[in-house]
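A structural walkthrough
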Amino acid sequence: MKIIAYSIRDDEKGYLDKWAKENGVEVKAVQDLLTKDTVDLARGYDGVVVYQQKPYTAEVIDKLGSFGIKAMSLRNVGVDNIDFEAIKRNGIKVTNVPAYSPDAIAELAATQLMRLLRRTNTFDRKIANGDLRWAPDIADELDQLTVGVIATGRIGRAALKIYQGFGAKVIAYDIYPNPELEKEGIYVDTLDELYAQADVISLHSPATVENEHMLNDDAFSKMKDGVWIINPARGILVDTDALIRALNSGKVAGAALDVYEDEVGVFDNDFGSFEAIPDERLKNLIKRENVLLTPHIAFYTKTAVKNMVQFSLTSNVNLIKNGTDENEVTF
Ligand code: COI
């Protein structure tokens, strides 16, 4: 059995090699993304293991199909960049890693929320300029606030527990409520109710066709004045122009964004200077003291990266051997 793993980074390689040795499977690691220019590398392999934000196009998937490849395992959770129709017509099975580390995402969400509430960005900037005064940057306490968690999958639930640990009142909305959480009585029936009650909105939903730009002008208008927005989920959930308007008006007190709707090709790149970042709207956000922008790093922990590599390889072997795996994605 032979597997090819695309876009393997240096920080993944050690986990990959260890797994290959322990499991006696030949794994070819390449640094390239899976594109029309690199798909030929997969010829002769039984399965592909992949991670990228750029699309897995129909052209590429058809080629994999023509090589007889039936097993494709993503090292991440999101499946929004796959051409599902091409996957189906080629009879390819796809797995993802739905729980590489929900805590990794939840911990960054909570960290950034606390930083916003305690105005650490403002104090860092003041201190760098020799300004050691307190006023006017008085903080809010999380234990006095209501946090509205949107989507209560594994990550949403992990975030919710942390917020509760800080003493916040947590309310939640999900189209598929979690039975255990239902017993706690934390669900509201509509997003509008959540918007009306929440001091903090924490987004943990996958991207779907239905929820593109769910936080738009209309949604912001239904929120409390001075609401805080936390998005470690998907950039497309937030209409960035609407967010900028809401930040300008003070409707939104601040935002922690680990994702951005135009991040592909920008995040995880070194442009050499702030000025050289090729996205004016992104720079507009980064410049603000009340916006904490991180380049999609919530997943980037040792635990998560190890699990992403090793769980995806195990799933790929299961697909190759048995044609099925517990993490198979249904399209
Ligand atoms: C995902 O797992 O879908 C993520 O968003 C993390 C990715 C950047 C590796």
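Conventions adopted
- Residues numbered from 1 in each chain as written.
- Predicted model: local features only at pLDDT ≥ 70, side-chain atom pairs only at ≥ 80, totals over all residues.
- Heavy atoms only, no water.
- Helix = DSSP H or I, 4+ residues; strand = E, 2+ residues; numbered from the N terminus.
- Buried < 20%, exposed > 50% of the residue type's maximum accessible area, 1.4 Å probe, protein only.
- Contact = heavy atoms within 4.5 Å.
- Areas by Shrake-Rupley, 256 points an atom, 1.4 Å probe, with all protein chains shown as cover.
- Lys, Arg positive; Asp, Glu negative; His and termini not counted.
- Charge placed at Lys NZ, Arg CZ, Asp CG, Glu CD.
- Expected span 1.5 Å × (residues − 1).
- Domains from an automatic or database assignment.
- Buried area = accessible area lost by both parts, 1.4 Å probe.
- Salt bridge = Lys/Arg side-chain N within 4 Å of Asp/Glu carboxyl O.
- Polar contact = N/O pair within 3.5 Å; in protein donor to acceptor, adjacent residues only side chain to side chain.
- Nonpolar A, V, L, I, M, F, W, Y, C, P; charged D, E, K, R; others polar.
- Near = heavy atom within 4 Å.
- Axes fitted to C-alpha atoms, helices over the stretch in contact; angles between N-to-C directions.
- Parallel < 35°, antiparallel > 145°, perpendicular 65-115°, else oblique.
- Left-handed = near helix turned anticlockwise from the far one by under 90°.

With respect to the overall build of the protein
The helix and strand tally for the protein stands at 12 helices and 11 strands. Judged by the C-alpha coordinates and their principal axes, the protein covers about 65 × 50 × 35 Å. For the protein, the proportion of its 331 residues judged to be buried stands at 50%. When contacts within the protein are restricted to residue pairs at least 6 apart in sequence, those whose partners lie at least 24 apart make up 66%. Looking at the protein as shown, the accessible area adds up to about 15800 Å², and 50% of this sits on carbon and sulfur atoms. Both charge centroids of the protein, one from 38 positive and one from 51 negative side chains, sit 4 Å from each other.

Structural notes on helix α12 (residues 302-322)
Its 21 residues give α12 an end-to-end C-alpha distance of 30 Å, which sits within 8% of 30 Å, the value for a rise of 1.5 Å per residue. Of all the positions in α12, only Ala304, Val305, Asn307, Met308, Val309, Gln310, Ser312, Leu313, Ser315, Asn316, Val317 and Leu319 are classed as buried. Where α12 ends, the next residue or the one after it, Gly323, has phi of about 70 degrees, a positive value.

Details of the domain arrangement of the protein
One can read the domain layout of the protein as domain 1 (2-100 + 302-322) and domain 2 (102-293). For domain 1 and domain 2, the distance between their C-alpha centres works out to 31 Å. Contact with domain 1, which involves nine residues of that partner, is made by eight residues of domain 2. Both faces considered, domain 1 and domain 2 share a buried interface measuring about 720 Å² in area, 59% of it formed by carbon and sulfur atoms. For the pair domain 1 and domain 2, the interface holds one salt bridge. Of the charged contacts, one joins Arg234 and Asp80 as a salt bridge, the two residues approaching to 3.4 Å between their closest N and O atoms. Put simply, domain 1 and domain 2 have two residue pairs in polar contact (both at pLDDT 80 or more) between them. Taken together, the residues of the side of domain 1 that touches domain 2 sort by class into four nonpolar, three polar and two charged.

Side note on helix α6 (residues 154-165)
Between its first and last C-alpha atoms α6 spans 17 Å; for 12 residues at 1.5 Å apiece the expected length is 16 Å, and the two agree. Within α6 the residues assigned to the buried category are Gly156, Ala158, Ala159, Leu160 and Tyr163. The elements touched by buried residues of α6 are α4 (102-117), β6 (146-150), β7 (169-173), α7 (179-184), β8 (200-203) and β9 (227-231).

Concerning the site of the ligand
Around the ligand, a shell composed of Tyr51, Asn76, Val77, Gly78, Tyr100, Arg234, His296, Phe299 and Met308 is seen. At a separation of 2.6 Å, an oxygen atom of the ligand approaches a polar side-chain atom of Tyr100. Within the shell around the ligand, the residues separate by chemical class into five nonpolar, three polar and one charged.

Examining the packing of helix α1 (residues 10-23) against α12
Any two packed helices are characterised by the angle at which their axes cross and by the distance between the axes. Following both chains from N to C, one finds α1 and α12 inclined at 45 degrees, their axes separated by 9 Å at the closest point. On the basis of the axis angle, α1 is oblique to α12. Crossing of α1 against α12: the hand is right-handed. Packed against α1, whose contacting residues are Asp11, Glu12, Tyr15, Leu16, Lys18 and Trp19, the element α12 presents Lys302, Val305, Lys306, Val309, Gln310, Leu313, Thr314 and Val317 at the interface. In terms of residue class, the contact of α1 with α12 is made up of seven nonpolar, two polar and five charged.

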